[in-house]
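# Fold and contact review
In case you want the letters, here they are:
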Amino acid sequence: MELLSSTKSFGGWLKRYKHESLSVKSEMTFAIYLPPQAETQKVPVLYWLSGLTCNDENFTQKAGAFRKASELGLAIVCPDTSPRGTDYPHEHESYDFGSAAGFYINATVEPYSNTYHMYDYVVQELPHLVEANFPVTEKRSISGHSMGGHGALICALKNPEKYQSVSAFAPIANPTNCPWGEKAFTGYLGEDKATWNEWDATLLVENASERLHLLIDQGEADNFLEEQLKPDVLLEACEKADHPITLRRQLGYDHSYFFIASFIDDHLEHHAKALS
Ligand SMILES: CC(=O)Oc1ccc2c(C)cc(=O)oc2c1
């Protein structure tokens, strides 16, 4: 691991690192915020998964999360949104596929299957690296925005034993049934839609092995709400499966980090409570 930068914030430290990842077979960058409590004790970790077009810096610079994380004694780890440095066909052509659009799944279609293993990276490799190198406990929670909200939900629903809590801002809630998800899953998983189901939160809820409560904030003025995000479909699946969910509809809020910054404290408090 190589330290790229170290910046003090609210008594803690925001550090950026790059490292060689085995799961995505390329160099990856991530950020970690260590609250002041980490100087004397191990602290729990919230993993934050960003959305399309983002990297580790969008959350650290725009969410305004560190005052509350410092107060709560919560570390926050922000991975990148895809492998970088490969040059596959179509990888850099659009904002919703390829670079910065890894969708937190394990690709099975070549050439993406060689490196686009963001699920393994986020669920296994990164926690292992973080827990071996920083003063953190093995208690984890996970959250994210949009594509990252989808990522947080599937990681938690597939591995309830690894996470104390999960939340999402405007997640892509039913990716097998929206244009962003259909495009990504076709490119990464192929045409056989049966292979897509294990990467869709709405479909995972039906067979979830534990009833991990889902906290979701969704802006009512979000331009992507109807066509891409579909929280109501997830809500219906939860009601059918008796899976606990809190879906908060936030009047007037859009898809931006202004929305995330407005409610991030609630999410941090929710996770801190579960992690304590
Ligand atoms: C920094 C920022 O605004 O991030 C951002 C903007 C738009 C989107 C969209 C449209 C989808 C998504 O998954 O993430 C995302 C993130």
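Residues numbered from 1 in each chain as written. Predicted model: local features only at pLDDT ≥ 70, side-chain atom pairs only at ≥ 80, totals over all residues. Heavy atoms only, no water.

Strand order in the open sheet made by the 9 strands is S1-S2-S3-S5-S4-S6-S7-S8-S9, with mixed pairing throughout. If you trace the sheet from one side to the other, it starts and ends with strand S1 (2-9) and strand S9 (245-250), each paired once. Here the strands of the sheet are splayed against their neighbours by 20° on average, with no regard to which way each runs. This element, helix H8 (residues 231-241), spans strand S8 (214-219) and S9 of the sheet and lies at about 155° to S9. (Pairing = 2+ DSSP bridges. Helix = DSSP H or I, 4+ residues; strand = E, 2+ residues; numbered from the N terminus. Axes fitted to C-alpha atoms, helices over the stretch in contact; angles between N-to-C directions. Contact = heavy atoms within 4.5 Å.)

Moving on: the nonpolar core. The nonpolar side chains of a soluble globular protein tend to be buried, and buried together. If you look at the biggest cluster of nonpolar residues, it comprises 91 residues, and the most contacted ones within it are Phe30, Ile76, Phe103, Ile142 and Tyr188. Broken down by element, this core gets its largest block of residues, 8 residues, from helix H3 (residues 118-133). Once residues lying within four places of it in the same chain are set aside, the contact partners of Ile76 are Ala31, Ile32, Tyr33, Leu46, Trp48, Phe59, Ala65, Phe66, Ala69 and Leu268. (Core = buried A, V, L, I, M, F, W, Y, C linked by side-chain atoms within 4.5 Å. Buried < 20%, exposed > 50% of the residue type's maximum accessible area, 1.4 Å probe, protein only.)

Right, let's talk about the confidence of the model for the chain for a bit. When pLDDT is averaged along the chain, the result is 98; 100% of the residues meet or exceed 70. Scored by ipTM, the complex comes to 0.96, with pTM at 0.98. (pLDDT = per-residue confidence, 0-100.)

Glancing now at the site of the ligand. In the region of the ligand, the neighbouring residues are Gly51, Leu52, Cys54, Asn58, Lys62, His145, Ser146, Met147, Trp180, Phe224, His255 and Tyr257. Here an oxygen atom of the ligand and a backbone polar atom of Met147 are 3.0 Å apart. Surface burial for the ligand is 83%, taken as the share of its 390 Å² of free accessible area covered by protein chains. Among the residues making up the shell around the ligand, the classes are represented as 6 nonpolar, 5 polar and 1 charged. (Near = heavy atom within 4 Å. Polar contact = N/O pair within 3.5 Å; in protein donor to acceptor, adjacent residues only side chain to side chain. Areas by Shrake-Rupley, 256 points an atom, 1.4 Å probe, with all protein chains shown as cover. Nonpolar A, V, L, I, M, F, W, Y, C, P; charged D, E, K, R; others polar.)

So, on to helix H5 (residues 179-189). Structurally, the α-helix is built with 3.6 residues per turn, so residues lying three or four positions apart point the same way. Among all positions in H5, only Trp180, Gly181, Ala184, Phe185, Tyr188 and Leu189 are buried. Along the long axis of H5, the arc covered by the buried residues comes to 110°, so they all point the same way. Against the buried residues of H5 lie helix H4 (147-158) and helix H7 (225-229). Looking one or two residues past H5, Gly190 carries a phi angle of roughly 95°, positive in sign. (Arc of directions from axis to C-beta.)

Pairing between side chains becomes possible if they bear opposite charge and their charged atoms approach one another. A complete count under the given rule lists 13 salt bridges for this structure. The residue Arg16 makes a salt bridge to Asp56 at a minimum N-O spacing of 2.8 Å. Linking Arg16 in strand S2 (residues 12-21) with Asp56 in helix H1 (residues 56-62), this pair joins segments that are 40 residues apart in sequence. For Asp80, the salt bridge goes to Arg84, with nearest N and O atoms at 2.7 Å. Take Arg84: its relative accessible area is 29%, and that puts it in the partly exposed class. Three or more residues joined by partner-sharing salt bridges are found here, namely Glu2, Lys18 and Glu27. (Salt bridge = Lys/Arg side-chain N within 4 Å of Asp/Glu carboxyl O.)

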